[in-house]
Amino acid sequence: MTFRIAPSILSADFARLGEEVKNVIAAGSDWIHFDVMDNHYVPNLTFGPMICSALKPHAKTAAGVAVPIDVHLMISPVDALAASFAEAGADYISFHPDASGHVHRSIQAIKSKGVKAGLVFNPAEPLDVLDWVIEDIDLVLIMSVNPGFGGQSFIDSALRKIEDVRRRIDASGKDIRLEVDGGIKTDNIRRVADAGADTFVAGSAIFGKPDYKGVIDAMRVALAA
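Reading the values: rules and limits
Residues numbered from 1 in each chain as written. Predicted model: local features only at pLDDT ≥ 70, side-chain atom pairs only at ≥ 80, totals over all residues. Heavy atoms only, no water. Helix = DSSP H or I, 4+ residues; strand = E, 2+ residues; numbered from the N terminus. Polar contact = N/O pair within 3.5 Å; in protein donor to acceptor, adjacent residues only side chain to side chain. Contact = heavy atoms within 4.5 Å. UniProt positions renumbered as here; feature names shortened; annotations may be inferred. Buried < 20%, exposed > 50% of the residue type's maximum accessible area, 1.4 Å probe, protein only. Core = buried A, V, L, I, M, F, W, Y, C linked by side-chain atoms within 4.5 Å. Arc of directions from axis to C-beta.

1. Considerations on the side chain of H96
Here is step 1 of the chain: With respect to the helices and strands, the residue H96 is situated in the loop between β4 (92-95) and α4 (103-111).
Here is step 2 of the chain: At a separation of 3.2 Å, a polar atom in the side chain of H96 contacts the side chain of Y41.
Here is step 3 of the chain: With residues up to four places along the chain from it excluded, the contact list for H96 reads Y41, H72, L73, M74, V120, N122, M143 and P147.

Set out below in structure tokens:
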């Protein structure tokens, strides 16, 4: 399994976001995770499409290879802002099914823009909707904290949910990323991988340390163990 580490810029220094994106890519990150909050679906307010568009030129390696921008929409309604983020350069856009009036329509609207679509499940949210749309999506994001704030502790029951989603993905035969967001650190990333995840969002665990590369390298060592 190929593992991907996706630092969340929610924990970066907002005064120098472009530099932070460049630095964390130089440190070895695979994706850039972009947490979008609207002070409505969740009690916080973060970034809009203009910030995504401004950061897009910075999201590349020193060799000029583009690094995917992974947009997680914690907003309601979904469709208009999803379209704006697609136009701003997002590579993945995921949303919460309970925030959309018509989940299948929202997925198709994202994919019609040439962007990969994902669904996000909160800690206490059932997975039933996956039975109806798993053939249409490219990513499942499991929240291992309640959305809205960075720096929270990992909720252990998320491991069972990750295992359940991994079984569903394997049964579908599709190439679907299984991403986990919330409380991911060097000392628990292996357990999360063992449950079936392949993509790991980490915010304060990376940006809260002075040596981004040291943290990402340590995570890769743990994943290889």
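Right, picking up where we left off after that structure.
2. Remarks on the UniProt feature "active site" (unreviewed entry) in the protein chain
Here is step 1 of the chain: This chain's UniProt record puts "active site" (unreviewed entry) on D35 and D181. A maximum C-alpha distance of 10.2 Å among these annotated residues, which run over 147 residues, shows that they cluster at one spot.
Here is step 2 of the chain: Counting through the fold element by element, D35 comes out in strand β2 (residues 32-37).
Here is step 3 of the chain: D35 gets classed as buried once you look at its relative accessible area, which sits at 4%.
Here is step 4 of the chain: D35 has contacts with S8, L10, T46, F47, H72, M74 and D181, leaving out every residue within four places of it along the chain.
Here is step 5 of the chain: Only 3.1 Å separates the side chain of D35 from the side chain of H33, close enough to count as a polar contact.
Here is step 6 of the chain: Take D181: it is sitting in strand β7 (residues 177-181).

3. Looking at the nonpolar core
Here is step 1 of the chain: Counting residues in hydrophobic clusters, the biggest one holds 74 residues, and the most contacted among them are I9, F34, L73 and I93.
Here is step 2 of the chain: Here the element with the most residues in this core is helix α9 (residues 212-224); it accounts for 6 residues.
Here is step 3 of the chain: Setting aside residues no more than four positions away along its own chain, I93 makes contact with V71, L73, A82, F85, A86, I110, V115, K116, A117 and G118.
Here is step 4 of the chain: Counting residues in hydrophobic clusters, the runner-up holds 9 residues, among them L139, L141, V145 and V201.

4. Considering α4
Owing to its 3.6 residues per turn, the α-helix brings residues three or four apart onto one side.
Here is step 1 of the chain: Here α4 has its buried residues at V103, S106, I107 and I110. Projected onto a plane normal to the axis of α4, the buried residues spread over an arc of 100° and lie on a single side.
Here is step 2 of the chain: Buried-residue contacts for α4 involve α3 (79-87), β4, β5 (116-121) and α5 (130-133).

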